[in-house]
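One-letter residues, chain by chain:
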Amino acid sequence: MTSASIPASPSPWTTPHPSPPPTYSPPLSFPPPEDVVPTVTRLHDIYSSPDLAHQTARWSALVARFKALYDRPMTFVARSPGRVNLIGEHIDYSWFPVLPMATVHDVLVAVCVLPENDPSTDGRIILSNVSSSKYPTRVFNTQDFQDPFFEISTTKTDLDWSVYFLAGLKGALMFSKLCSTETSPLPTMRILVDGEIPPRAGLSASSALVCSSLLAILAATTTSSIEKSFLVNSSVISERVLGVNSGGMDQAASVFGVRDHALLVDFRPLVTAKPVRVLDTVPPLCFVLANSLVVAANRAETGPDKYNVRVVEAVLAAEILARKYGVGRLEIRDGFGGTLRGFYDRVCGKEDWTMGDREAEERAVREVVRRVQETFDKDRYSLDEVAEMLGQKTEDMVRKYMTRFPIRAKYLNLRDRSIHVIEESFRVKCFSSLLASSTHHLRTLSTSESRPYFDALGALMNASQASCANLFECSCPEVDELTQIARRYGAAGSRMTGTGWGGCTLSLVRADKVADVINGLKKEYYAVRYPDLSPSQLEQAVFAIRPGNGTVLAKITAV
């Protein structure tokens, strides 16, 4: 249902820009990191100075807990962070670029690989969690995984936490076999997991666990370097075995994350992640994360009603538009269907629209949105009506598009979903261009210079939130309220981040306004809706956040 308190989504090209406007150019990309997951031996190689005290205590506790639990030291730790998306919500599975950043909050998978001649070698994998009361220990026999295409049960309403580890395990074994990677047999392993990413908050805790589990299995079974692109692609497929039609943004942000940088993640022709430095301004640019404490949609559990439905709506809209405007068969995404980016690019090519500047891109977006509105004259179509527009029988359409991943829907909204995707993709270009323009000379912007950038970036975030609420309908009243409160207390922009239907908001805030925004959220949201939260729970619910480093393999046995 549309959130009545959110204004209608403004056209993305009406967003104000600094005067004089920055040059509209491809986002500034620093030399990309080597496409190999780094092995580190110091916490300083993972975390920034402000986080070292906390992380040192945390890792020390992990080392001690592991030794006490298994009576042996850990061999290595596979570490993957969560992510927040600055802008570009629900467009990755349409192959449009997105702009996320990795978080400092992460998942640690500590592993001891037992050699064959160890007396304790028993062909078992013991999987434990630091929060053992919430996530009970699970035990698996390595013999059960001789076939890398083993089945993972996902029939339960509330999935056991271990299925995300199993998804990573399956991905590692399956892709090693498909890519003919030389690996040793799955060894006896003792594992302890420690996660700091709030679960079901839209920060991709599950993706981080899959990525780190997959990395752990690869590290235990091969001595070869592990490519980041391989880890991303195999993690995406790993999550799909859980019934999630993942687009790849979460995994790319987690694996490729760079400290103090957002990532412009593109999916064509291959998944790439270009670091884009976050603004250097006076006062500094900051982000505030606020958890609505409404459980975000867990894609593996609620996908059939929410996430997977949105994927199907985008795919079917692209196929119908391509058929109507005669742009030819669209390139198929992962054997599933065409994409709205495919349609957009084909239309631009067919019409010979010249790109490369903001005005040309604006005209293209306007025209494609017009064609969407012309094609879909209402916001709800029955399955029979959609099949008719495709020129297919309903049962054939359902079989092709709505059975590979579980779907529960009688009606589909093709118009609004398409408009959101097309306009949101343009907002990503505008946002990343602004960041690129301001950091082109790697200088710190003065207060007078930075104000227009804050305003322009904030306006784009606000437009994104309105579109998510009204067009894509993936927000909720609590998230809407958090964004409005943040703006009232000084945030330049505020929007939902993540899958949606709950979870967190991300607000763009000047450093001198951070305390005001956080205190305002505590006063008007948490004190009213959750008055019984303890001070420590409040600190975990709303806090300032900055971009962190991506996935690493850590060989740190003592801290």
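Above this text is the structure in question.
In short, a report on the structure. For every chain, the first residue of the written sequence is number 1, and numbering continues from 1 along that sequence. Only residues with pLDDT of at least 70 get local features here, since the model is predicted, and only at 80 or more are side-chain atom pairs given and counted; chain-wide, interface and lining totals rely on the full set of residues. Processing note: side-chain calculations cover all non-hydrogen atoms of the structure and skip hydrogens and water entirely.

1. As for the pattern of salt bridges
Thought 1: In the sections that follow, a salt bridge refers to a side-chain nitrogen of Lys or Arg positioned within 4 Å of a carboxyl oxygen of Asp or Glu. One pass over the full model with this rule turns up 37 salt bridges.
Thought 2: Measuring nitrogen to oxygen at the nearest pair gives 3.9 Å for the salt bridge that ties Lys 324 to Glu 374. Here the residue Lys 324 occupies a position in helix α7 (residues 307–325), and Glu 374 occupies one in helix α9 (residues 358–375), the gap between them amounting to 50 residues.
Thought 3: Its relative accessible area of 44% is what places Lys 324 among the partly exposed residues.
Thought 4: With a relative accessible area of 42%, Glu 374 lands in the partly exposed category.
Thought 5: Salt bridges here are not isolated pairs; linked through shared partners, they connect Lys 324, Glu 351, Glu 367, Arg 370, Arg 371 and Glu 374. Working definition: helices are DSSP H or I runs of at least four residues, strands are E runs of at least two. Numbering for both runs from the N terminus. Think of it in three bands: residues with accessible area under 20% of the maximum for their type are buried, residues over 50% are exposed, and the middle band is partly exposed, with areas taken using a 1.4 Å probe on protein chains only.

2. Re the pairing of strand β7 (residues 261–266)
Thought 1: Here β7 lies mainly inside the structure; six of its six residues are buried.
Thought 2: Here β7 shows a buried face lined by His 261, Leu 263 and Val 265 and a second buried face lined by Ala 262, Leu 264 and Asp 266.
Thought 3: A strand pair is defined by DSSP finding two or more bridges across the two strands. The pairing of β7 with strand β8 (residues 272–277) spans six bridges and is classified as antiparallel. Counterpart to Leu 264 in the pairing with β8 is Lys 274.
Thought 4: The turn linking β7 back onto β8 is made up of five residues.

3. Brief notes about the packing of aromatic side chains
Thought 1: Note on ring pairs: Phe, Tyr and Trp rings are taken, using the six-membered ring of Trp, and paired if centres are within 6.5 Å. Classes follow the plane angle, with under 30 degrees stacked, over 60 edge-to-face and the rest tilted. Taken as a whole and judged by the stated rule, the model has 11 aromatic pairs.
Thought 2: Aromatic pair Phe 140 and Phe 165: ring centres 6.3 Å apart, planes at 25°, arrangement stacked. Taken together, the positions of Phe 140 in strand β5 (residues 138–141) and Phe 165 in helix α2 (residues 162–178) put the pair 25 residues apart, joining distant regions of the chain. Comparing Phe 140 with Phe 165, the two get one shared label, buried.
Thought 3: Ring plane angle 50° and centroid distance 6.1 Å describe the contact between Tyr 525 and Tyr 530, whose orientation is recorded as tilted.
Thought 4: For Tyr 525, a relative accessible area of 0% translates into the label buried.
Thought 5: Among the residues examined, Tyr 530 registers a relative accessible area of 25% and is labelled partly exposed.
Thought 6: Through pairs of rings, three or more aromatic residues link up here, namely Phe 140, Phe 145, Phe 150 and Phe 165.
Thought 7: A ring is considered to have a charge above it if a Lys NZ or an Arg CZ atom is located within 6 Å of its centre and within 35 degrees of its normal. The ring of Phe 150 carries the charged tip of Lys 170 above its face, separated from the ring centre by 5.8 Å.
Thought 8: Taking the ring centre of Tyr 325 as reference, the NZ or CZ of Arg 371 above it sits at 5.1 Å.

4. Comments concerning the environment of Leu 242
Thought 1: Counting through the fold element by element, Leu 242 comes out in the loop between α4 (228–240) and α5 (249–256).
Thought 2: Sequence spacing of Leu 242 and Phe 405 is 163 residues, and the spatial spacing of their C-alpha atoms is 9.2 Å.

5. As for the sheet that holds strand β1 (residues 39–40)
Thought 1: If you walk across this open sheet you meet the seven strands as β1-β15-β2-β3-β6-β4-β5, and the pairing is mixed. Where the open sheet ends on each side, the last strands, each with one partner, are β1 and β5.
Thought 2: Here strand β4 (residues 124–129) pairs with strand β6 (residues 188–195) via five bridges, running parallel. Bridging across to β6, Leu 127 finds its partner in Ile 191.
Thought 3: With respect to the sheet, α2 is in contact with β4, β5 and β6, its orientation differing from that of β5 by roughly 30°.
Thought 4: Between two residues, a contact is recorded if the distance between any of their heavy atoms is within 4.5 Å. With axes taken as lines fitted to C-alpha atoms, and helix axes fitted only over the stretch in contact, angles between N-to-C directions fall between 0 and 180 degrees. α5 contacts β2 (76–87) and β3 (99–114) of the sheet and is inclined by roughly 120° relative to β2.

6. Concerning helix α14 (residues 477–488)
Thought 1: End to end, α14 covers 17 Å across 12 residues, agreeing with the expected 16 Å (1.5 Å per residue, within 8%).
Thought 2: Taken residue by residue, α14 has Glu 478, Val 479, Asp 480, Leu 482, Thr 483, Ile 485 and Ala 486 as its buried positions.
Thought 3: Where α14 is buried, its residues meet β9 (285–291), α13 (447–470), β12 (493–497), β13 (504–510) and α15 (514–529).
Thought 4: Looking one or two residues beyond α14, the residue adopting positive phi is Gly 490, at roughly 120°. By this rule, a helix spans an expected 1.5 Å times one less than how many residues it contains.

7. Quick notes on the sheet that holds strand β14 (residues 542–545)
The pairing of strands in a sheet comes from backbone hydrogen bonds and takes either a parallel or an antiparallel form.
Thought 1: Taken together, the four strands give an open sheet; going across it, the order is β12-β13-β9-β14, and neighbouring strands pair in antiparallel fashion. Looking at which strands have only one partner, the edges of the open sheet turn out to be β12 and β14. Pairwise comparison of adjacent strand axes, ignoring direction, gives a mean angle of 25° for this sheet.
Thought 2: For β12 and β13, the ladder comprises five bridges, and the chain directions are antiparallel. Among the inter-strand pairings, Arg 495 is bridged to a residue of β13, identified as Leu 506.
Thought 3: Sheet contacts for α14: β9, β12 and β13; angle to β12, the most-contacted strand, approximately 160°.
Thought 4: Packing of α15 onto the sheet brings it into contact with β9, β13 and β14, and relative to β9 it is tilted by some 15°.

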